[in-house]
Each structure stands twice: as structure tokens, then as C-alpha cells.
Amino acid sequence: MIKFFLMVNKQGQTRLSRYYEHVEIHKRTMLEAEVIKNCLSRSKEQCSFIEYKDFKLVYRQYAALFIVVGINETENEMAVYELIHNFVEVLDRYFSRVEKWCVMRNDHEVNVNSPYLTKTDTHLSFFFQSELDIMFNLDRVHIILDEMVLNGCIVETNKNRILAPLFVLDKMAES
Amino acid sequence: MSDVVERTLSALPGLLGQHDPGAGPGGGPGRVSATSRLGGLIRSITALSSKHEEEKLIQQEQTNLKATVSAPTTTLRLMKECMVRLIYCEMLGYESSFGYIHAIKLAQQGNLLEKRVGYLAVSLFLHENHELLLLLVNTVVKDLQSTNLVEVCMALTVVSQIFPREMIPAVLPLIEDKLQHSKEIIRRKAVQALYKFYLIAPNQVQHIHDKFRKALCDRDVGVMAASLHIYLQMIKKNASGYKDLTESFVTILKQVVGGKLPIDFNYHSVPAPWLQIQLLRILGLLGKDDPRTSELMYDVLDESLRRAEINHNITYAILFECVQTIYTICPKSDLLEKAAKCIGKFVLSPKINLKYLGLKALTYVIQQDPNLALQHQMTIIECLDHPDPIIKRETLELLYRITNGQNVTVIIQKMLDYLRQSKEEYTIINLTGKIAELAEKYAPDNEWFIQTMNAVFSVGGDVMHPDIPNNFLRLLAEGFDDEKEDEQLRLYAVQSYLSLLEEEDTFYPQKFLQVMSWVLGEYSYLVNDGDPEVIITKLYRLLKQTFVTSETKAWIMSAITKISSRMPCSKTVDKLMQEFSTSLDTCMRQYAFELKHLCENKELMKNLLPLDASCDEIMVDASLSFLDGFVAEGLSCGAAPYKPHHQRQEEKLSQEKALNFEPYGLSFTSSMSSSGFTGRQSPAGLSLGSDVSGNSAEIGQKETNCLKLDSVRKLWGKEGYLPKKETKTGKEDKTQPVPQDSILMGHVVDLPLTQSEQQVVSLSEEDKEKQQLASTLFVGLGSNNTISLMGKADTTPQKFKKKSKISETQNSKETSSFQNIATLPFSPLPDTAPNNKENFQGNEHLGLRKVSLSSSEVLEASVSFDTSQSLTEAVLDEKLSNCRLSASSLFADSNIEVFQPSQSVPDIVANKAPLSLCLPGELADHPHSEIVELCSSDILTMYSCKVWTDDRLLLILFIANKSISPLKTVTLVFESAEHFKIFESLSCHFPVIEAQSMESCQKCVQLEKICTEGILSGSISYHLDTDTHLEFSLTFSLSDFIRPMKITTEDFGKLWLSFSNDVKQNLKMSPSQGSLSVVLNALKEKLKLHIVEIIGNEGIVACQLLPSVPCLLHCRTHARTLALWFRSSCSALPDSLLYQCQKVMEES
């Protein structure tokens, strides 16, 4: 069972948080601070699973952004680890459309020709702007996450199906 | 990479700053709109440097938002924007409750995306029991009926996230309809919503179980996958009810693994991995302890293992789940072999995440197959010194499961090493508990045990579980069979503490100091050459330390008192008395005075503090009759009569609520009387804290239970590097058809190592060290010890056996009452203490001392008893589950033996005339069920019968021996169930059942936790040439525990008003159910209800759930519907009873 889903940047600022068990609001900030402290203290050579209190943290780092998932002992760590990646791929697919749109409009703030962006490293290219995407589209990221995880269970992993409802909403809003 | 990351970081604020606030429209779908206010907010927060600034900014933002959301002119679009900003504020930890109601409004009024954001905000802001949630119900109902699919989807999503339990009936029919919807997404979300309902109110969806089955067979994969969540939960609760679905799950998994799903379900070209994992979990639950069901899944598991060959993380996740399933279900040798190979792949992988997974898998399987640890011993050793503490921690967990008498020292050493580096409180609590447990269980000798416990106490400090020092002290005090051995242990403890206290200015945790002072107080006389004066000096020095808390000081003082009773006189004691009789600490002053008085009367002191009597029984006049005169005198002088603790507390509570009209001066007396020693305030109050012997001598309860401990010792010794040969020979005494292969394999793998050991020359130093470590760690692993390894059900002799329940209760009670004494507020008139005291003569003194102690015990007894009770229950549970574990694993190992009728029983008579079954006379008069067969073998048949007596549910079990030879040692054991409790014990034992005869036993079953239906399972084993084991299970329904409650209409009215939990429901009546009385009589018949009165189309009915939880029902018929209205003092009862009524109505 998944207990919470967090996106926190290296400075410790929470970018997204979703709790699947009720946690008092002031306890959340404390928990998040400790979680990110734990994640930052680990090196690349160390494993991506942390035993923390009576539950486990599974984390993955994308550029400056950490995605951390709190799980209990019944969950399969590796499956959650890959779930994070699947989530990122979904975000990538969703926002890459956005990117095209922005380039077309020619008023986007990201320099697509930036030397740090190589087309082979898609996650990096995604996450170069991802933090911005996530911050400015907090509602949409939540909607995507809600399609994937409900009540602490992984309910959908098929990318087309995850995005379908949101695409419909976007389309309707446009027209 | 990191370089890039850094640059990204540095670029970020710049990027944010680039936004031109005026540029571009903020609208469009999914657009990064820096122009929005959200953008502004984020930008300014990112730029801030201090928390204080952030707070100020958010406060400002919240003020703005508050004004905007409550302004009537705010458009929905702006409102949506505000919601996102509110979400942002809450995410940063600033509560924005003013916006909650607007979130609900937005969900209600908004269009599409606005509505969705409204729902999203609701699901983020509110919790399950939030009162505002009720306001959402109407919106949800409306959206569920909408023709716009997007709206239906949103409503279903929010229902499956958060919904008020009591409003489920309002939407349930709508959601049930959606199960037939043509769009898969609607069906899928409807199933998800039902899953939510199942989680929060399982009884309410009980009637649609067949619809879940339909969802499982849905043509769409997504709908089927959604139903798996419900099935996983239901199977977790009751696997036996869903065995028939095994084949369906197997078929589904086969199709998934075979790549029959649409391509977009693939993740990195692995077909629907998370779905596979879910299915594997379900199969594991179904196949557990069930060879026939396990049989069905061997093929598909084999295929899963085979298919998962792509080198990708997600395949490893599947493999891990596969391995776990294979080791959970009834074993099959070639699968086990493959799974073991798989674990090897994990463990040996250079990828750290896989290594972790491998260790976790190994920890899981090691309980069934300890030989796997031998195969991977070198890897385990490496992991033990791994730079990543998480890997180390997981390795220790593994070692904990393979600990035995021979490797305990090495393993505990490793654990202590880890503990010393760890600072995390949770880890410390967890590990100290484990070390203490292992040390107590397998300690090789006294010295080691004391040293280990010393380490535990100094590292565990004051965070460790309080049971650890308590158990340790009791172990020392109660000792075991060998008197000499006990003495040595105590002597060693004393010596080690003395040397620890030798060093000045060393800091020890309080708990450790308390343990030390108790032991020194009790047993320092064992040191022959020790001068008590020296010990007292040491303790005295401790008293003067500033870091010592007053609670610890109380322990030290009592130790000093005990020691000084054994010596004529002491300068240090004199000095101490002098010094502390003017101490500002009232407790210490009290102690000093007491010590002084005792020292004046050495005879009394010796009587009071006998040598080594901490476990002696002390008889106490619990009614305190010798005080009657004193109490009478006190009362006649105008003292307030004694009130028990709870009464005082109640009064205090009611006082707090009411205004106090009394002048404050007067209320002093009442506060005095409520300070805990009412009635006999002064003497009891004064001798408060005088519990000199209190923590050593058990007062107040008669102790009859003494521990009988095995004194057989198992001395630790190295037994060479690999005990493999021993392993093989050890096999003979136990038929273990399954793991043999893996052992042989392990043998092969390790062969080179064994050889290399013989050629020591070729080994590097480091390797040699590792091998040595391995030889000490894995010694004793092998099948001789298998039993002890499985779930820790120990057959190896233990040095220190676990305590009995009673003594544990006592122990914790003792400590808590002692602490209570040490911390209680002191008597309000401390200055008079010495004067008053002197008025009492020796004997009286003693009596009073006991009074004070026992009265304070009485006071706190209820509290401490409760806690200790639950504690022991927890321990007991744990033990029980351990036993079960080992039983099932044993069973798993020898299943072939069990399920083939043993051929060495030729004397079975095929079909005997059934032995006559009848209930004993007095029971036969009560209503009872039919006698049904529970389980049967060629030799034995077991029948059961439920008897519904007025005040309980009796379960009568008949065990018939059909063979012509007597059955020996027939044991019947119930598994402890979540919902039920069995009196008196979970088991029943018959030494012998004669041939062709029958025995019966009687159990009383009580419903612990309300459920509409539950299963109680157990097993019966008997011995006839071989041991045989049969399993059975019994179903109980709520109606088994319902009895009529015979009350009058008047009483009904009173009770009705006093209950707060109610449930209302309208049921359709079928034509055959003509009138109210027909219906009620049917209910009365089936559910044992009592009809209080029927007037016209209204009726009132009462019943109670055993032992005495009342439930009232009001019924009214109206145009072919029956309106039921339940009320009860218990919240879960009306729901479940409603369900029962529904069932009865449908049946009749």
C-alpha cells in the first residue's frame, strides 16, 4: 500500500504532495523535511529504498527533483520504483505536447537549443523544464496522479488510458 | 550528470525571473502560464531565503485569497485559479480552511476543468470524516446522473477517493448501474468506487459480490484489473471463500504473461507488469497451505519465471513477487530450485537495488529453507560490511532469522556494531528488542549475557522498550532451576556493574542506572570480598550527579537502604542521611528520614528487607482491616470518606465543567482528598515514597507462578566452516522431500570453497577473515536445526525461558506502581512529616508502609493492569503467530506424508456404523443447530454443533474414533481469529480416544469484532503410528450471537433516546410478506429478535449482541416498503444487523 507520493526539489521545497492516509497538515511539513533530508544524504551508489520509521521510502531523482513514495511492508519496492518512472514518462508525454505548442508560439522560456539538452536524454530534457511544468500545472499533475494511484493502490499504468481524461478536459476547455 | 544538474539549478531562478508578467494569455490548456497569479506566487516563494519571509508572504496571499473567494463577483475561472493557489498554500503547510467550502462550491457550479479542480481540491483538503463532505453528496449524485461522460468520470473518481460512509446508500444504486455502462472507463471507475466502499463499509456492498465476479470477467482489461483490488482484499480476509476463482486468476495471468493484452499495456515491452504482480499476490494467498489449489498454479508460475528474462528493473519486480509466491504456496521442488536460482541472481547482482531485493527475498524464504543462507553466505558477509547502512540493516534482519545457539555471539556482535552507529530512534528500539530477545534465548554463558545486556542498556538508553529492563530484572530475580547457576549470574552482574561504576564521570542512561541500583541493592551481598561501604559510596556519588533524574534517585536510595540493612553502621549512610534530610527535593528528604528511622531499629530493618526475597510471596491483608479503627477515627474527626479513583476522576471532570462557587480557600481540602490518598490522608500521604522494599518485594498480589527454566546449557563452540556433512546426515531423522534438491545444489556451489579451505595457502588474508566469519555465522544451520530456524519455534534448549503471563503482568505492575510512587505529588504538609512519623511505633510503621504501598497500587492497579494486559496479549499473539508459522512450514515440508493415507494403518475398518451423536441432556433443551460433519479421515471424524443458550454461544465438538485401535494424543487447536474469541483456551486435548468411541468438548465462542459472517479455523491432530493432521473451518454468522432482549415499550423509549448510532433503510416487501407482523415474525424466527410491540403499521423490536450490546429496531410499513430504523450503542452493529435483515427478507 502506498502511503504518500511526494515531489520535492533539492532545496527541500515540496512541489507536489498527495497523502493516501490522513496526516495532520503541520505534521506533513515535518515529514517532508525529514524525507528529503534522508534522500539527500544518500549517494548514487546506495540503494533507492530507505527504511524510515515503520515504513519504507522509495525514491528516484530526476535532475534536481526527487520523487519519493512512502510505502508499507506489503508493497514491492521495485514495482514502486518503476511506477515512479512510469509516472515521469506519462508527465513527459503530456508536457511534451505542451512544449511543441510553446515552441510554435515562440514565447516559451526554455531554450530548446540549450547545450545541456541532448535529445537522447529525454528525461533530462523533460526535467529541465519539468519543475516549472509541475509548479505551474499543479492541478493537472494531480489529475494525472489520481488516474494512476487511488487509495494507495496502483490502479492504472497504461499511458493512453491515464492521459485520456485529461486530454478530453483540455480539448473541451480549448473549444 | 551532476554538473548538468548544478547548472540546471543555477539556471532555474533566472528562468523564473524571465517571465514577463504581462506577456501572453494565461488561459490555454495545460499552458505554463507565468502570467498567472500562481506563477507570481511561486516565483516570489522560490526567491525567498528564510522561512519567516515565506510565512509572511503566504499570510498575505491567504488574505488576498480570502477576499477573492468570498467576493460575489469572482468568476468560476478565477475561482479555479484561487483553488490551485490554495492547494499550493496547503502543500507548503499553511492551513487554508476558509477555502474548503468554496472548493465544494466550485465542484458544484464549475464546468469541466473547473469542476475537476473543485473535486481535486476537495479530495486534497478534506479528510474522510470531515463534516463538509456531506455537502458534496448532492453534487456527486447530480454528476453521476449527468449525460456528460466526463462529469460522470469525475464524480466516480472523487467517490473512490473520499466519500462519507453514511451516505453510501445514496449513490450505491447509481454506481451499480454504471457497472453495465458501455464505456470501459466508466465501468472501471465504478469498480474503483465500489472498492472504496468495500474498504470503508464492507457490509454495504456485500450483496453485490456477484457483480464483482462479472467485473472480473469483463471483456476490458482495465475493468478486470480494477476488480483485482477488491479480490485481493477479500481473499486476504478469507482465502477459502474464493478458491473456486483460482483457475480464473491463473488463466488471466497466463494471458498476460503470454502477451495477449493490447500493446499499450506494455511497459518497456513487459506486458502489464503491475497487473502481473497483483495476480501473483492473489495466487500466493490462495495457494497458501492448500496443495490442491497450489497444484493449479505451478505451470503459470513456471512460465512467469521463464518469461521474465529481459534485463529490466520491472522484470525483477515481477521475479521477486514470483519467488515470494512460490515460497508461500505449497512447495514444488523444481519451482523452488528455480526460485532459489533467481534469488541467487538478485543477491549476486552488482546493482544495489537488486541486491537489496535479493536480501529481502532471502530473509523471507530462509524460514522455510535455511540452507539457502549457506549457499549465499559469502554474499551475506559482504553485505554485512556494505557501505550502505540500509543494506546492512536488511542483512541483520536476515541474520536475526537464522540465529541459533551457536552463532548468537557473532550475530549479536554485528547487531551491536550497527546499533552503535545508528542514531535513528526507531532503529534503536527495534534492534535492542531483537538483541534482548536473542540474548535471552540463546545466551551461551552468564558473562556474555550480562555483557550483552550491558551494551543493550547503554546503547538503547531510554528509548528502548521498557520491557527489556523489566524482563532482565525478573530473569535475575526468579532465576531458573539451578540455584548455583543463578547465583553466578547475579554475582557476575554485580561485579560487572561495580566495575562500570568504578569509572567516574561516565554517563549511563537512566534505565541502566536503575537496573544497576536494583541489582546492587538486591545482590551485592554475593560479593564476598566486597565492602558494602565501597558500594554505598559509589551509589552515593551517583546520587550527587546532576544528570540523574529523581526517578532514578528513588531507585538508588532504595538500593542504599537495602545494602545498609546488612551492615552495622556506615559513615557514608550517616552523611547521606544528614545531607538529604535538608534536601529541597521532598522525595529525597522523605527517603532520608525513612532511612534514618530504619537505621535506628536494625531488627525491624532486617525484617523488612530480607535477603534475596524479591520473589517471595508476601501475604497482604488487601481489605486493610487493621486500619478500620484508624479510618473510623478519621471519619469522626470530619475527614471525607474514601472515594475510588474513577469516582474521583468523574467528579473532577464534572467539576471542571461546572462553575466553582466555592471560595478557593476551601477547595484546598478537596484537592487534598483527591490527591490519591483520600480517607486516610495523613499517614498514607506521609509514608508516600517510602517504598523501600517496594520494587523488590512483591506486595499486594499472591504470586504462585514460578518459572521453570531449562537449565540445560548449550555451550558455544566453533564447528568448522561448513556444517554441510552434518546437514546431510541430519536429514535422516526427518523426511523432507522438498528442499533436498536445493541443499544438494548448495553443496555443489560451495564445493570449491570447501576445497579452498583445505588449501589455506592460496587464500588471501581478507578472504580468510571472511571465511572465518562465515563459519561462525552459519554454524548450526542445517536440518538438525531446521525446526528451531523455522519461525523460531524453539526446540533447542534455552538458557533463559520466556516469562509466564502472570509474572509479566505483575512485573510491569510493580514497576509502574513504583514509578507512580516516585512521581506522585507529595503530601501538602511535608514539614510535619518527621513529627508525625515519630508518633508511630515500629510495628505500626511497617503496617503503614505496606498500606501506603498497596493503596497506591490499588489506585493505579486498574491502569497498569490494562496496559500490561494488552502488552502480554500482544506478546502472546506474537507467540501464537510464531507457532502457527512454524506449524505451517513444518506442514509444508511433510505434506506428502500427511495427505497420503498412511499405509501402516491396516486396522482401519472401512465403513463403520456411525457412532451415535447426541447432545448432553441439559444442552439438548436449548435451541441448537444440526450436528454437521467438520472434517474426516479414515480414522477419525469430527462433528460440530452450535448451541444458542441465552447468554452465550456454545460450540460442541464431537470427535469420533472410527478405527478399531485407540487414538492417542488427539489435540484440537483453533487458530486465533480476528473476529472471534474462544473460551477457555484455543485448544483441547484428549490423551486417548478409545476405539469406536467418541469424545466431545465444549467451547464458548464470543464475537470480538462485529462482522456479518466470519470463519474460525483450526486443526486436529492425532497419533496412530504416525502423526496426522486435519484442518477444518467453521462459519459463524452475526445471528449466532444475537439474542432477544426482553424489555417493555417504556424501556424501549428510554433506551432509544440514549443511543446515537442509527441506520435507516427502506426495503421492498414481496407480496408474500403480507403484513408487518408476518415480516417481524420471520425476523424473530431467523434472527432471534424480541418483538416489543406492534401497533398498526409500526413495530418495535429489541435484541442484544452477546454479551450485552443492545440494538433497537423500529419498523414501519408503507405501500409495500418496509422502513427499518436501527439504533444501538455500538456503531457497527446496526449496519451488520441491517444486512442480516435484508437477507432474511430476501429468503422469505
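Everything numeric in this text was worked out from a predicted model, so none of it was measured. (Residues numbered from 1 in each chain as written. Chains lettered and ligands numbered in written order. Predicted model: local features only at pLDDT ≥ 70, side-chain atom pairs only at ≥ 80, totals over all residues. Heavy atoms only, no water.)

Trainee: Would you mind showing me how to read the overall build of chain A here?
Mentor: On a plain count of helices and strands, chain A comes out with 5 helices and 7 strands. Going from N to C terminus, chain A has its helices and strands arranged as β-β-α-β-β-β-α-α-α-β-β-α. Counting every position in chain A, which comprises 175 residues, the buried fraction comes to 66%. Residue pairs in contact within chain A that sit at least 24 positions apart in sequence constitute 55% of those at least 6 positions apart. In the structure as shown, chain A presents an accessible area of about 6,500 Å², 52% of it carried by carbon and sulfur atoms. (Helix = DSSP H or I, 4+ residues; strand = E, 2+ residues; numbered from the N terminus. Buried < 20%, exposed > 50% of the residue type's maximum accessible area, 1.4 Å probe, protein only. Contact = heavy atoms within 4.5 Å. Areas by Shrake-Rupley, 256 points an atom, 1.4 Å probe, with all protein chains shown as cover.)

Trainee: Sorry, what's going on with the packing of aromatic side chains here?
Mentor: Here a ring pair, both rings aromatic, is described through the centre-centre distance and the interplanar angle of the planes. Enumeration according to the criterion identifies 28 aromatic pairs over all chains in this entry. Taking 6.1 Å as the distance between ring centres and 85° as the angle between the ring planes, the aromatic pair formed by Phe 49 of chain A and Tyr 81 of chain A counts as edge-to-face. Placement of the pair is Phe 49 of chain A in strand β3 (residues 49-52) and Tyr 81 of chain A in helix α2 (residues 77-105), with a sequence separation of 32 residues. Counting every residue linked through ring pairs, the aromatic cluster contains Phe 449, Phe 457, Phe 472, Tyr 497, Tyr 508 and Phe 512 of chain B. Positioned above the aromatic ring of Tyr 81 of chain A is the side chain of Arg 60 of chain A, whose terminal nitrogen or guanidinium carbon lies 4.1 Å from the ring centre. Above the plane of the ring of Trp 948 of chain B lies Lys 1088 of chain B, whose end atom (NZ or CZ) is 4.4 Å from the centre. (Phe/Tyr/Trp six-rings, centres within 6.5 Å; stacked < 30°, edge-to-face > 60°. Lys NZ or Arg CZ within 6 Å of the ring centre and 35° of its normal.)

Trainee: Would you mind going over the pairing of strand β4 (residues 55-62) of chain A with me for this structure?
Mentor: Residues in a regular strand project their side chains so that they alternate between the two faces of the sheet. All names here are of chain A. Among the 8 residues in β4, 7 count as buried, and that is most of the element. Relative to β4, β3 runs antiparallel, the two being bridged by 4 bridges. Within the sheet, the bridge partner assigned to Tyr 52 lies in β4 and is Phe 55. Here β3 folds back onto β4, and the loop between the two strands holds 2 residues, one of which, Lys 53, carries a positive phi near 50°. Of the pairings in the sheet, the one linking β4 to strand β5 (residues 65-71) comprises 7 bridges and is antiparallel in character. Counted as the bridge partner of Tyr 62 is Leu 65 from β5. In this structure, the hairpin formed by β4 and β5 is closed by a connection of 2 residues, where Ala 63 is found at a positive phi of approximately 50°. (Pairing = 2+ DSSP bridges.)

Trainee: Help me understand the packing of helix α8 (residues 149-161) of chain B against helix α10 (residues 184-200) of chain B, please; the structure alone is not making it clear to me.
Mentor: A packed helix pair is summarised by two numbers, namely the angle formed by the two axes and the spacing between the axes. Residue and element names in this part refer to chain B. Where α8 meets α10, the closest approach of the two axes is 8 Å, and the angle between their N-to-C directions is 20°. With respect to α10, the element α8 is oriented roughly parallel. Between α8 and α10 lies a crossing whose hand is left-handed. Contacts from Leu 149, Val 152, Cys 153, Leu 156, Thr 157, Val 159, Ser 160 and Gln 161 in α8 reach Ile 185, Ile 186, Lys 189, Ala 190, Gln 192, Ala 193, Lys 196 and Phe 197 in α10. When its residues are assigned to classes, the contact of α8 with α10 shows 10 nonpolar, 4 polar and 2 charged. (Axes fitted to C-alpha atoms, helices over the stretch in contact; angles between N-to-C directions. Parallel < 35°, antiparallel > 145°, perpendicular 65-115°, else oblique. Left-handed = near helix turned anticlockwise from the far one by under 90°. Nonpolar A, V, L, I, M, F, W, Y, C, P; charged D, E, K, R; others polar.)

Trainee: So what exactly am I meant to see when it comes to the sheet that holds strand β2 (residues 14-19) of chain A here?
Mentor: The strands making up a sheet are joined through hydrogen bonds of the backbone, oriented either antiparallel or parallel. Residue and element names in this part refer to chain A. Reading across the sheet, the 5 strands line up as β2-β1-β5-β4-β3 and stay open at both edges, with antiparallel pairing between neighbours. Of all the strands in the sheet, just β2 and β3 have a single pairing partner and so form its edges. Direction aside, the axes of adjacent strands within the sheet are offset by 20° on average. Contacts between helix α1 (residues 25-40) and the sheet are confined to β1 (2-9), β2, β3, β4 and β5, with β1 contributing the most and set at about 70° to the helix.

Trainee: Any chance you could explain the environment of Ile 84 of chain A here in plain terms?
Mentor: Residues and elements named next belong to chain A. Relative to the assigned elements, Ile 84 resides in helix α2. Classification of Ile 84 as buried rests on a relative accessible area of 0%. Along the chain, Ile 84 and Phe 5 lie 79 residues apart, while their C-alpha atoms are 9.4 Å from each other.

Trainee: I tried to follow the interface of chain A and chain B on my own but got confused; where do I start?
Mentor: Reports of interface size often rely on the accessible area that becomes lost once the parts have come together. Between chain A and chain B, the residue contacts involve 77 residues of the former and 85 residues of the latter. For the pair chain A and chain B, the summed buried surface comes to about 7,500 Å²; carbon and sulfur atoms form 61% of the total. Applying the counting criterion to the chain A and chain B interface returns 8 salt bridges. For Glu 147 of chain A, the salt bridge is made with Lys 189 of chain B, and the minimal N-O distance between the two is 3.1 Å. Linking chain A with chain B are 25 residue pairs in polar contact (both at pLDDT 80 or more). (Buried area = accessible area lost by both parts, 1.4 Å probe. Salt bridge = Lys/Arg side-chain N within 4 Å of Asp/Glu carboxyl O. Polar contact = N/O pair within 3.5 Å; in protein donor to acceptor, adjacent residues only side chain to side chain.)

Trainee: Mind showing me how you'd approach the confidence of the model for chain B here?
Mentor: The predicted coordinates ought not to be read in detail in places where the model reports low pLDDT. Residues and elements named next belong to chain B. This prediction gives chain B a mean pLDDT of 73; 74% of its residues lie at or above 70. Predicted confidence is poor over residues 665-761, with pLDDT under 50, and the contacts of this stretch with residues over four places away or in other chains come to 213 contacts. Below pLDDT 50 for its whole length, residues 801-914 participates in 172 contacts with residues either more than four positions away or in separate chains. Scoring of the predicted complex yields 0.62 for pTM and 0.87 for ipTM. (pLDDT = per-residue confidence, 0-100.)

Trainee: Explanation requested: the side chain of Glu 82 of chain A in the structure shown.
Mentor: Inspection of the secondary structure assignment puts Glu 82 of chain A in helix α2. Residue Glu 82 of chain A is classed as buried on the basis of its relative accessible area, which comes to 2%. There is a polar contact of 2.8 Å between the side chain of Glu 82 of chain A and the side chain of Tyr 267 of chain B. Excluding its chain neighbours within four sequence positions, the residues that come into contact with Glu 82 of chain A are Arg 60 of chain A together with Tyr 267, Trp 274, His 312, Asn 313 and Ile 314 of chain B.

Trainee: I'm lost on the side chain of Glu 397 of chain B in this one. Help?
Mentor: Residues and elements named next belong to chain B. Secondary-structure assignment places Glu 397 in helix α21 (residues 389-401). Given the relative accessible area of 15%, Glu 397 is considered buried. Setting aside chain neighbours within four positions, we find Glu 397 in contact with Thr 363 and Lys 434.

Trainee: Please explain the sheet that holds strand β6 (residues 967-974) of chain B as it appears in this structure.
Mentor: Residues and elements named next belong to chain B. Taking strand neighbours across the sheet as the criterion, the 4 strands line up as β8-β6-β10-β11 in an open arrangement whose pairing is antiparallel. The sheet is open, and its two edges are formed by β8 (987-993) and β11 (1026-1037), each paired on a single side. Strand-to-strand twist in this sheet, taken as the mean axis angle between neighbours without regard to direction, amounts to 15°. By the bridge criterion, 6 bridges tie β6 to β8 in an arrangement that is antiparallel. Within β8, the position partnered with Val 973 by the bridge is Ser 987.

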